[in-house]
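Chain by chain, the residues run as shown.
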Amino acid sequence: MWKPIILLIVLSSFCFKPELPALNAKIITYVESVMGTKVDRGECWDLAAGALASSGAYFDRSSKKTVTIYGRKLNPNKEEVLPGDLIQFENVQMKWTVGNTSYSSSMGQHTAIVYKVNAEKDYEIAHQNTSDWGKKVGVSNFNLNHVTKGKVMIYRPIEK
């Protein structure tokens with residue numbers, strides 16, 4: 001009697017994972033379609049602009065601020081970040097240690113798309129115009145806990 005109930009509970013934990021919002025899913029589909037290629041001129045924000053245009057999401061470049069607005073700004077300390085969300089880096093410096101080795105990295109003005117969520121504040125990001133991938137779209141790890149300076153703004157795409 002208990003075995004079918006336990007089996008149902010175990011199976012439901014795999015079957016009822018929340019789906020991505022429609023715009024986020026469209027953005028991930030777009031990113032997968034351009035992986036390894038150069039989008040537009042190969043600038044980092046060209047990937048975001050292409051993904052937002054392809055998905056029909058809101059994109060405001062008319063602001064006189066230095067940060068482009070990609071949708072609704074999230075608070076990653078209070079809200080779940082999802083694949084398809086967009087990240088804007090502003091003068092970011094990062095430091096972290098793995099074993100006995102220390103690493104550091106920096107990003108001035110850079111735009112990326114969350115491609116995968118590994119854990120809370122630990123993401124695989126899709127981006128281009130990087131030292132690793134050049135002007136082609138590639139994926140790198142980004143851990144928000146490694147940021148020591150600068151601003152990281154995360155946006156949820158919204159309808160036009």
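Relevant structure appears above.
Conventions and cut-offs
- Each residue is numbered by its place in its chain's sequence as written, counting from 1.
- Confidence filtering applies because this is a predicted model: local features only for residues at pLDDT of at least 70, side-chain atom pairs given and counted only at 80 or more, and all residues used for totals across whole chains, interfaces and linings.
- Working from all heavy atoms in the structure, the side-chain values ignore hydrogens and water.
- The criterion for strand pairing is that DSSP finds at least two bridges linking the strands in question.
- The helix count covers DSSP runs of H or I at least four residues long, the strand count covers runs of E at least two residues long, and both are numbered beginning at the N terminus.
- Contact definition: two residues touch when any of their heavy atoms are within 4.5 Å.
- Polar contacts here mean pairs of N or O atoms no more than 3.5 Å apart (in protein, one a potential hydrogen donor and the other a potential acceptor; neighbouring residues in sequence count only if both atoms are side-chain atoms).

**Student:** Even after reading the chapter, I still don't get the pairing of strand β3 (residues 101-119), so can you show me in this structure?
**Tutor:** Across a regular strand the side chains alternate sides, sitting on one face of the sheet and then on the other. Where strand β2 (residues 86-98) lies against β3, twelve bridges are found, and the strand directions are antiparallel. The residue bridging Phe 89 from the neighbouring strand is His 110, located in β3. Between the antiparallel neighbours β2 and β3 lie two residues, among them Gly 99 with a positive phi of about 65 degrees. For β3 and strand β4 (residues 122-127), the ladder comprises five bridges, and the chain directions are antiparallel. Bridging from a neighbouring strand, Lys 116 pairs with Glu 124 of β4.

**Student:** Help me out: how do you make sense of the environment of Asn 145 in this one?
**Tutor:** You can see Asn 145 is positioned in the loop between β5 (138-143) and β6 (147-156). Sequence-wise, Asn 145 and Met 94 are 51 residues apart; in three dimensions their C-alpha atoms are separated by 8.6 Å. In this structure, Asn 145 is in contact with Glu 120 and Lys 121, ignoring residues within four places of it in sequence.

**Student:** Looking at this structure, I do not really get the side chain of His 127. What am I missing?
**Tutor:** Mapped onto the secondary structure, His 127 falls in strand β4. One polar contact links His 127 to Ser 140, side chain to side chain, over a distance of 2.9 Å. Once you skip the residues sitting within four places of it in the chain, His 127 turns out to touch Leu 47, His 110, Thr 111, Ala 112, Lys 136, Val 137, Gly 138 and Ser 140.

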